[in-house]
Amino acid sequence: MKVLIVGSGGREHAIAASVAKSPKVDKIYCAPGNAGIGQIAECVPIGAMEFAQIVSFAKKEQIDLTIVGPDDPLAGGLVDELEAAGLRAFGPRKNAAILEASKAFSKDLMKKYHIPTAAYENFDDPEAALAYLEHTRMPVVLKADGLALGKGVLICRTPEEAREGVRTIMQDKKFGSAGNRMVIEEFMTGREVSVLSFVDGRTIRIMSSAQDHKRAQDGDQGLNTGGMGTFSPSPFYTEEVDAFCRKYIYQATVDAMAAEGRPFQGVIFFGLMLTSEGPRVLEYNARFGDPEAQVVLPRMKNDIIEVIEACIDGTLDQVDLQFEDNAAVCVVLASDGYPGSYEKGYPISGLENFADRDGYYCFHAGTKQTPEGIVTNGGRVLGVTAKGPDLKTARANAYRATEWITFANKYMRSDIGKAIDEA
Ligand code: AMP
Ligand code: GLY
């Protein structure tokens, strides 16, 4: 079969690498892809938001399955448009992608269906939000309602900061129309865990857990990023935590979406916080996490195409999802300065070290193929992933592999997976 993957990051490279392992697949295309994806797929110069071109390409090439990676095209209804053209697509339709695209929607859903999450209020009006802050305990969390590249969350320690935050989101519109509404939420403390799942509208199958590192610098200092590294599984995701989430969160979310007339087919990413009162949902994403996918998918034993087809056909109950009994760590190699301003266009060397090396992966995020070779082309450049029998070995392997790569202004955190020492 012919598969088209939409997107251009490390997540899409990890998806493409899994798809390439399937004996069912003859040819992979990626729109628009990147230099690394181009080594296993044919990249086509169509942007992820160019829906009409994606649909006409998929029709012309008789694509059997389109996998949509990023949040924006999902929220915009790319899956609906592909389906309307009679094409098979993996990912939630627009009316279900709202689970990620509107934080106000997801908070109301959790409240209505008693899914554990932080206490909150939604606001359309900045004056009402400011009035509410008058009698709110600090710290408090402000969230722009819409998609904001993971940046629309402000944790405010003082009333002044919180008032300033309301203005930033709702009046200055720092996150654009994402800030037309906002959520004001109780601040929680605890460890964070990412749990990805496959969903077919009714049935949910949980993938192995992971932990992201969102801040730019060691010791969780510096600005929030798209993610500087991950490990899987999380040693803090215990059997007890899993049992709680299965009882109160996972199936409850799938059932809630179905009951609202928004059956969810695709990947639900549960961003969880393990608080002293038990696990709570921090956020939902309607797609694979990035870089979570880069440590979870390499450990999945199933043929990803079979799992995806079961999600589309509503037969996920017949799938036994299995993961290797090992661990993986991903260290992101970024351009120095990210997530602020950074330079790009520098040649990358050492990529050949990963060829045919079992258990090592170099997923491309911001790279570009030029006549002179592959060059840096983004803030997050590469995701270096290594497996190992346990987390510590996987981490040592991943950091060793980061040394195989050189490019000007290479930057990485040196403490990805440090938390596992405390487990
Ligand atoms: P989100 O995009 O909703 O995952 O938020 C981004 C990050 O902000 C999360 O990964 C948490 O670290 C933090 N965060 C979000 N909501 C809360 C909360 N209610 N309490 C404490 N931290 C939070
Ligand atoms: N790593 C977090 C995300 O994909 O949103």
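Structure first, text after, so check above.
Starting from 1, residues in each chain are numbered consecutively following that chain's sequence as written. Whichever chain is written first becomes A and whichever ligand is written first becomes 1, with later ones labelled in order. Selection of residues for local features in this predicted model requires a pLDDT of at least 70, selection of side-chain atom pairs for listing and counting requires 80 or more, and totals for whole chains, interfaces and linings are taken over all residues. The side-chain figures draw on all heavy atoms in the structure; neither hydrogens nor water molecules are used.

Chemist: Quick rundown of the sheet that holds strand β8 (residues 153–156)? Include the residues and the values.
Modeler: The strand order across the open sheet built from four strands is β6-β9-β7-β8, with neighbouring strands paired in antiparallel fashion. Strands with a single pairing partner mark the edges of an open sheet, and in this sheet they are β6 (120–123) and β8. Strand-to-strand twist across the sheet, computed as the mean angle between neighbouring axes with direction ignored, equals 20 degrees. Two strands make a pair as long as DSSP finds a minimum of two bridges between them. A helix here means a DSSP run of H or I that spans at least four residues, while a strand means a run of E at least two residues long, and both kinds are numbered starting from the N terminus. Two elements, β6 and strand β9 (residues 182–186), share four bridges in a ladder whose sense is antiparallel. Note on β9: the bridge partner recorded for E121 is I184. Contact criterion: two residues are considered in contact whenever any of their non-hydrogen atoms come within 4.5 Å of each other. Where helices are involved, their axes are fitted lines through C-alpha atoms of the stretch in contact, as for all axes, and angles between N-to-C directions lie from 0 to 180°. The sheet contacts of helix α6 (residues 103–112) involve β6, β7 (140–144), β8 and β9, and relative to β6 the element is tilted by about 140 degrees. Across the sheet, helix α7 (residues 126–133) is in contact with β6, β7 and β9; its angle to β6 comes to roughly 155 degrees.

Chemist: Outline the site of ligand 1, listing residues and values.
Modeler: Nearness is judged by heavy atoms alone; a residue qualifies as near a molecule or strand once a single heavy atom is within 4 Å of it. Taken together, 13 residues form the shell around ligand 1, and within it E185, E186, M188, E192 and E283 come nearest. Here a nitrogen atom of ligand 1 sits 2.9 Å away from a polar atom, N or O, in the main chain of E186. A distance of 3.0 Å is found between an oxygen atom of ligand 1 and a side-chain nitrogen or oxygen belonging to K214. Protein burial of ligand 1: of its 460 Å² of free accessible surface, 92% is covered by the chains. Looking at the shell around ligand 1, the elements with two or more residues in it are β7, β8, β9 and β17 (278–285). The class makeup of the residues in the shell around ligand 1 is six nonpolar, no polar and seven charged. Polar contact is defined as a pair of N or O atoms within 3.5 Å, subject to the rule that within protein one atom must be able to donate a hydrogen and the other to accept it, and that residues adjacent in sequence are counted only when both atoms are side-chain atoms. For every accessible area listed, the method is Shrake-Rupley and the probe measures 1.4 Å; residues are considered covered only by the protein chains on display. Each residue receives one of three labels: charged for Asp, Glu, Lys and Arg, nonpolar for Ala, Val, Leu, Ile, Met, Phe, Trp, Tyr, Cys and Pro, and polar for the others, Gly being one of them.

Chemist: Tell me what's going on with the packing of helix α5 (residues 94–101) against α6, and back it up with residues and numbers.
Modeler: Between α5 and α6, whose axes approach to 6 Å, the crossing angle comes to 90 degrees. What the angle tells us is that α5 and α6 run roughly perpendicular. When α5 is examined against α6, the residues I98, L99, E100 and A101 are found in contact with a partner set consisting of K103, F105, S106 and L109. Looking at the contact of α5 with α6 residue by residue, the classes come out as five nonpolar, one polar and two charged. Under this scheme an angle from 65 to 115 degrees is roughly perpendicular, one under 35 degrees roughly parallel, and one over 145 degrees roughly antiparallel; angles in between are oblique.

Chemist: Could you give an account of α6, naming the residues involved and the relevant values?
Modeler: Think of it in three bands: residues with accessible area under 20% of the maximum for their type are buried, residues over 50% are exposed, and the middle band is partly exposed, with areas taken using a 1.4 Å probe on protein chains only. Counted residue by residue, α6 has seven buried out of ten residues, so it is predominantly covered. By the burial criterion, the buried members of α6 are K103, A104, F105, S106, K107, L109 and M110. Just past α6, the residue H114 takes up positive phi, approximately 55 degrees.

Chemist: Which residues make up the environment of Y113, and what are the values?
Modeler: Take Y113: it is sitting in the loop between α6 and β6. For Y113, a relative accessible area of 26% corresponds to the partly exposed category. Taking the C-alpha atoms as reference, Y113 lies 9.9 Å from A259; in sequence the two are 146 residues apart. The residues touching Y113, leaving out its near neighbours within four places in the chain, are A256, A259 and E260.

Chemist: Tell me what's going on with the side chain of R287, and back it up with residues and numbers.
Modeler: Among the secondary structure elements, R287 is positioned in the loop between β17 and α10 (292–296). A polar contact of 3.5 Å, which involves the side chain of R287, links it to the side chain of N285. Residues in contact with R287, not counting those within four places in the same chain, are R11, G69, P70, D71, L74, E100, V267 and F269.

Chemist: Any chance you could break down the pattern of salt bridges for me, citing the residues and the numbers?
Modeler: Here, a salt bridge means any Lys or Arg side-chain nitrogen found within 4 Å of an Asp or Glu carboxyl oxygen. Tallied over the entire structure, the rule returns 23 salt bridges. As a salt-bridge pair, K2 and E61 come within 3.8 Å of each other at their nearest N and O atoms. Of this pair, K2 sits in strand β1 (residues 2–7) while E61 sits in the loop between α2 (51–60) and β4 (65–68), placing them 59 residues apart in sequence. You can call K2 partly exposed: its relative accessible area is 26%. Given the relative accessible area of 21%, E61 is considered partly exposed. Close ionic contact of K27 with E42 constitutes a salt bridge, the shortest N to O distance being 2.6 Å. Of this pair, K27 sits in strand β2 (residues 27–32) while E42 sits in strand β3 (residues 42–43); the two residues are 15 residues apart in sequence, bridging distant segments of the chain.

Chemist: Tell me about the nonpolar core, residues and numbers included.
Modeler: As a rule of thumb, soluble globular proteins bury nonpolar side chains together. Here, nonpolar core refers to any group of buried Ala, Val, Leu, Ile, Met, Phe, Trp, Tyr and Cys residues whose side-chain atoms link them within 4.5 Å. Counting 58 residues, the largest nonpolar core has Y250, F270, L272, L382 and I405 as its most contacted members. At seven residues, helix α9 (residues 239–259) tops the list of elements feeding residues into this core. The residues contacting Y250, other than those within four sequence positions of it, are V195, I204, I206, Y237, D242, C245, F270 and L272. If you look at the next biggest cluster of nonpolar residues, it comprises 41 residues, including A293, V295, I305 and L321.

Chemist: Tell me about the site of ligand 2, and please be specific about residues and values.
Modeler: Near ligand 2, the surroundings consist of D212, G226, F269, N285, R287, G289, D290, P291 and E292. One nitrogen or oxygen atom from the main chain of D290 is found 2.9 Å from an oxygen atom belonging to ligand 2. Separating a nitrogen atom of ligand 2 from a side-chain N or O atom of E292 is a distance of 2.7 Å. Its free accessible area being 200 Å², ligand 2 has 88% of it covered by the protein chains. Partitioning the shell around ligand 2 into residue classes produces two nonpolar, three polar and four charged.

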